[in-house]
Amino acid sequence: MTSTAHGYAAQSGDMPLAPFSFERRDPQPNDVAIDIRFCGVCHSDLHTARGEWAGTLYPCVPGHEIVGTVTAIGSAVTRFQVGDTVGVGCMVDSCGECPSCREGEEQYCETTGFVGTYNGPEPVMGGHTFGGYSDHIIVDQDFVLRVGHAEQDLAAVAPLLCAGITTYSPLKHWKVGPGQKVGIVGLGGLGHMGVKIAAAMGAEVYVFSTSPNKRDDAKRLGAKDLIVSRDADAMAEHANSFDFILNTVAAAHDLDPFLRLLKRDGTMTLVGVPETPHPSPSVGDLVFKRRAIAGSLIGGIAETQEMLDFCVEHGLTADVEMIDMAEINTAYERMVKSDVKYRFVIDMATLDTSA
């Protein structure tokens, strides 16, 4: 049995998103049925819908920053009840058996790879998964998150399911905390959450940006100051002083100026994925201070729940601009121009399901 879902899809990389109806599976014993209330708009959605990353499966219904309400549960579900407010992030399944999955790091699944909330293999019906730009979704309870924020904050919680965990996971892994000097490269959808979370962890936070006019916003979000990355003198003032740098920029750029800011044994972790590779960094900048360049994906389900609970405890949500579903193509064009502070969120109540 199936149910008809309504959403927006790209039919090819060169076509705008448009209304689209499709079938979702009925809840299996371990499934949770969720009416979607809000869905964040991630840059990954745009890259995938437009075919800018290899392997897009069309029609493509993007969306992996989902907040909604449980409407039904399968017979084996024990963790959720009808009426619960829940979230769904970037993945909806994994093999569950490899070392990474057993250790709660499903995002690094070593057998099948994690199943994406969209553009992944649909395990029951076949075909591929469709994401959160839609009215409802069916997800295995093991990949559903409990949302504890207040009702009025739920729209701003949606981006935490990707932008929040993408920044929380490396900050936690590299043990960011009090007494540390931490840099965030880029002040966009990821970067603004990196600032908020690192500051809440107790670090002294600086933002690196090419835009000096973002200084006031950086401070409002929790940074001590903004350093203009194109200003060589300003950068030189902070040489050899950072414990950790989180680089959120998804465009190819020179990593060396940031490496030189790290202390001995400091790490710069990359979470932005550019379309073309970064220029190769100077080996000298690495070996003479035992510095490291690392990468990080999202987080496992347990860590994502930990992040949500951390954000409740510290009163953190994303800075969002609400849009109607029909405005998604305009929002994509604005995203390309970095014209959003700092995350679009779709109010799914605006989705026309009459077609």
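Scroll up to find the structure this text is about.
Note that residues are indexed from 1 along each chain, following the sequence as it is written. Totals for whole chains, interfaces and linings use all residues, but because this is a predicted model, local features are given only for residues with pLDDT of at least 70 and pairs of side-chain atoms are given and counted only at 80 or more. With hydrogens and water excluded, all non-hydrogen atoms of the structure serve as input to the side-chain values.

## A look at the overall build of the protein chain
Turning to step 1, where the next piece is worked out: We count a stretch as a helix when DSSP gives it H or I for four or more residues in a row; a strand needs E for two or more, and each element gets its number in order from the N terminus. Along the backbone of the protein chain there are 11 helices and 17 strands.
Turning to step 2, where the next piece is worked out: In this setup the radius of gyration rests on C-alpha atoms only. A globule is expected at 2.2 Å times the number of residues raised to 0.38. Taking 20 Å as the expected radius of gyration for a compact globule of 355 residues, we find that the protein chain reaches 20 Å, a close match to that expectation.
Turning to step 3, where the next piece is worked out: When the backbone C-alpha atoms are referred to their principal axes, the protein chain occupies close to 65 × 40 × 35 Å.
Turning to step 4, where the next piece is worked out: Counting across all 355 residues of the protein chain, residues that qualify as buried make up 55%.
Turning to step 5, where the next piece is worked out: Any pair of residues with heavy atoms lying within 4.5 Å of one another is described as a contacting pair. Of the contacts formed within the protein chain by residues at least 6 apart in sequence, a portion of 67% connects residues at least 24 apart.
Turning to step 6, where the next piece is worked out: Every accessible area reported is derived by Shrake-Rupley at a probe size of 1.4 Å, with residue values counting cover from the shown protein chains alone. Accessible surface, the protein chain: about 14900 Å² in total, of which carbon and sulfur atoms supply 51%.
Turning to step 7, where the next piece is worked out: Looking at charge distribution, the protein chain has the averaged site of its 27 positive side-chain charges lying 10 Å from that of its 46 negative ones. Think of it in three bands: residues with accessible area under 20% of the maximum for their type are buried, residues over 50% are exposed, and the middle band is partly exposed, with areas taken using a 1.4 Å probe on protein chains only. Counted charges follow a simple rule, with Lys and Arg positive, Asp and Glu negative, and His plus the chain ends left uncounted. Every charge is mapped onto a representative atom, which is NZ of Lys, CZ of Arg, CG of Asp or CD of Glu.

## Remarks on a nonpolar patch on the surface
Turning to step 1, where the next piece is worked out: A cluster of nonpolar side chains, contributed by V283, V287 and F288, occupies part of the molecular surface with about 360 Å² of accessible area.
Turning to step 2, where the next piece is worked out: Inspection of the secondary structure puts V283 in helix α9 (residues 283–287).
Turning to step 3, where the next piece is worked out: Its relative accessible area of 55% is what places V283 among the exposed residues. Residues qualify for a patch when their relative accessible area is over 30% and they have no salt bridge, like charges being joined within 9 Å and the nonpolar side chains of Val, Leu, Ile, Met, Phe, Trp and Tyr within 5 Å. For this analysis, a salt bridge means a side-chain nitrogen from Lys or Arg found within 4 Å of a carboxyl oxygen belonging to Asp or Glu.

## Looking at helix α5 (residues 189–200)
Turning to step 1, where the next piece is worked out: Taking 1.5 Å of rise per residue, 12 residues should cover 16 Å, and α5 covers 17 Å from first to last C-alpha, within 8% of that figure.
Turning to step 2, where the next piece is worked out: Buried residues dominate α5, accounting for 10 of its 12 residues.
Turning to step 3, where the next piece is worked out: Within α5, the full set of buried residues consists of G189, L190, G191, H192, M193, G194, V195, K196, I197 and A198.
Turning to step 4, where the next piece is worked out: Close packing links the buried residues of α5 with α4 (163–173), β10 (181–185), β11 (204–209), α6 (215–221), α10 (301–314) and β17 (343–347).
Turning to step 5, where the next piece is worked out: Just beyond α5, the residue with positive phi is G202, at close to 100 degrees. Helix span is expected to be 1.5 Å times the residue number reduced by one.

## With respect to the sheet that holds β10
Turning to step 1, where the next piece is worked out: With respect to topology, 6 strands assemble into an open sheet ordered β12-β11-β10-β13-β14-β15, the strand pairing being parallel. Sheet topology places β12 (225–228) and β15 (292–295) at the edges, where each strand pairs with a single neighbour. Between one strand axis and the next, the sheet turns by 25 degrees as a mean value, whatever way the strands run.
Turning to step 2, where the next piece is worked out: Where strand β14 (residues 262–270) meets β15, 4 bridges bridge the pair, whose relative direction is parallel. Two strands are counted as paired when DSSP detects at least two bridges linking them. Note on geometry: axes are lines fitted to C-alpha atoms, helical ones only across the stretch in contact, with angles between N-to-C directions running from 0 to 180 degrees.

## Focus on the side chain of T48
Turning to step 1, where the next piece is worked out: Along the polypeptide, T48 turns up in helix α1 (residues 43–49).
Turning to step 2, where the next piece is worked out: Given the relative accessible area of 8%, T48 is considered buried.
Turning to step 3, where the next piece is worked out: When residues no more than four places from it in sequence are discounted, the contact partners of T48 are W53, T56, Y58, C60, Y118 and N119.

## Digging into the side chain of D319
Turning to step 1, where the next piece is worked out: Here D319 lies in the loop between α10 and β16 (320–324).
Turning to step 2, where the next piece is worked out: Here a polar contact is recorded for every N or O atom pair within 3.5 Å, except that within protein the pair must consist of a potential hydrogen donor and a potential acceptor, and residues adjacent in sequence are included only if both atoms are side-chain atoms. Among the polar contacts made by the side chain of D319, one reaches the side chain of R220 at a distance of 2.8 Å.
Turning to step 3, where the next piece is worked out: Excluding anything up to four places from it in sequence, D319 contacts H192, K196, R220, L221, K341, Y342 and R343.

## Thoughts on the layout of surface pockets
Turning to step 1, where the next piece is worked out: Computed from the structure, the second largest pocket encloses a volume of approximately 320 Å³.
Turning to step 2, where the next piece is worked out: Looking at the second largest pocket, it is lined by 22 residues, and the ones nearest its centre are R25, E122, P123, T129 and I138.
Turning to step 3, where the next piece is worked out: At the level of elements, β2 (18–25), β6 (91–93) and β8 (136–140) are the ones that each hand at least two residues to the lining of the second largest pocket.
Turning to step 4, where the next piece is worked out: Top contributing element to the lining of the second largest pocket by residue count: β8, with 4 residues.
Turning to step 5, where the next piece is worked out: Charged residues are taken to be Asp, Glu, Lys and Arg, nonpolar residues to be Ala, Val, Leu, Ile, Met, Phe, Trp, Tyr, Cys and Pro, and polar residues to be all remaining types, Gly included. When grouped by side-chain class, the residues that make up the lining of the second largest pocket number 8 nonpolar, 7 polar and 7 charged. Both cavities and pockets are sets of points on a 1 Å grid over the protein atoms alone; in a cavity a 1.4 Å probe fits but cannot get out, in a pocket the set is open with protein on both sides within 12 Å along at least five of seven lines, and lining residues sit with an atom within 4 Å of a point. Grid points are joined across faces, edges and corners, and a volume is the space filled by probe spheres set on the points.

## Topic: the pairing of β10
Here is the key point about a regular strand: its side chains alternate between the two faces of the sheet.
Turning to step 1, where the next piece is worked out: Of all 5 residues in β10, 5 are buried, a share of seventy percent or more.
Turning to step 2, where the next piece is worked out: The alternating pattern of β10 places K181, G183 and V185 on one face and V182 and I184 on the opposite face, and all of these are buried.
Turning to step 3, where the next piece is worked out: Pairing geometry for β10 and β11, over 5 bridges, is parallel. Counted as the bridge partner of K181 is E204 from β11.
Turning to step 4, where the next piece is worked out: Following the backbone out of β10, through α5 and into the adjacent parallel β11, one traces a crossover that is right-handed.
Turning to step 5, where the next piece is worked out: Bridge analysis of β10 against strand β13 (residues 242–247) gives 4 bridges, and the strand direction is parallel. Note that in β13 the partner of I184 across the bridge is L246. Think of it like this: strands point away, you trace from the first strand over the helix to the second, and a clockwise trace means the crossover is right-handed.

## Observations regarding α4
Turning to step 1, where the next piece is worked out: Of all 11 residues in α4, 9 are buried, a share of seventy percent or more.
Turning to step 2, where the next piece is worked out: Within the sequence span of α4, burial applies to A163, G164, I165, T166, T167, Y168, S169, P170 and L171.
Turning to step 3, where the next piece is worked out: Packing partners of the buried residues in α4 comprise β10, α5, β13, β14, α10 and β17.
Turning to step 4, where the next piece is worked out: Just past α4, the residue K175 takes up positive phi, approximately 55 degrees.

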